[in-house]
Amino acid sequence: MSDPTTIRRLPERGTRDSETIASILDEGLVCHVGYLAEDGRPVVIPTLYARDGDRLLLHGSNTSGVTRAVRRGSPLSVTVTLVDGIVVARSGFHSSANYRSVVVHGTGTILEGPDHARALDLTVERLIPGRSADIRPHTKSELKQTTTIALSLETASAKIRIGPPKDDVEDLASEAWAGVVPLRMVAGTPEPAPDLRDGIDLPDYLDPYRR
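This is a predicted model, so every value here is computed, not measured. (Residues numbered from 1 in each chain as written. Predicted model: local features only at pLDDT ≥ 70, side-chain atom pairs only at ≥ 80, totals over all residues. Heavy atoms only, no water.)

Draft legend 1. Representation of the overall build of the chain in the model. Each helix and strand in the chain was counted, giving four helices and 10 strands. Ordered by position in the sequence, the α and β elements of the chain form the string β-α-β-β-β-α-β-β-β-α-α-β-β-β. In terms of overall dimensions, the chain has a C-alpha envelope of 65 × 55 × 30 Å along the principal axes. Taking all 211 residues of the chain together, the buried fraction comes to 33%. Across the chain, the fraction of contacts at a sequence separation of at least 24, relative to all contacts at a separation of at least 6, is 73%. For the chain, the exposed surface amounts to about 13200 Å²; the carbon and sulfur share of it is 55%. Positive and negative side-chain charges in the chain, numbering 25 and 29 respectively, have mean positions lying 5 Å apart. (Helix = DSSP H or I, 4+ residues; strand = E, 2+ residues; numbered from the N terminus. Buried < 20%, exposed > 50% of the residue type's maximum accessible area, 1.4 Å probe, protein only. Contact = heavy atoms within 4.5 Å. Areas by Shrake-Rupley, 256 points an atom, 1.4 Å probe, with all protein chains shown as cover. Lys, Arg positive; Asp, Glu negative; His and termini not counted. Charge placed at Lys NZ, Arg CZ, Asp CG, Glu CD.)

Draft legend 2. Highlighting the pairing of strand E4 (residues 55-61). Along E4, five of the seven residues are buried, which leaves the element largely enclosed by surrounding structure. Turn length for the strand E3 (residues 42-52)-E4 hairpin, with the two strands adjacent in sequence and antiparallel, is two residues, and the turn residue Gly53 shows positive phi of about 65°. Pairing geometry for E4 and strand E8 (residues 146-152), over seven bridges, is antiparallel. Counterpart to His59 in the pairing with E8 is Thr148. (Pairing = 2+ DSSP bridges.)

Here's what the structure looks like:
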């Protein structure tokens, strides 16, 4: 069986460097999880995630498709992509995007007991650092209704494109503009819930919120 981390298209953009993979995962918010449904259909769903050292943490309801798939032993494929810019080349063929992406392959493990509760706490903390200290602990009912899944980063790879367009030499005389349109995710001003009680100030970890 071939190595699932082998990058065949533009392999010079690929890496298995653990620090690079971790930095991309830590900056991202949403991953896409691919699995096989009970009838053999491939399914891909978006979900929030967290990185815990050398493993990825996923969560969902006890009856979700990915939970059922993990219990059946279905292989998983998880992707995270950060788009950093639109590459405007002098030809459609070389137009592209600057991006950083990670693909993880493996078989998930259902977490139980304290590890399950810790995974939920860590998911909150990865999304909003400092938040866990402000909110109540998970109830027994919530823990029973939720499943957390750990996926090893052992079989993970990253792929990155940076820089300007890479046009063909014969296109450099074109009158068409070429370059990069940078993109970035910017957090807006936090909006209080309509039923927030008077006198509750915005916490320091949200003022401002940054990724």
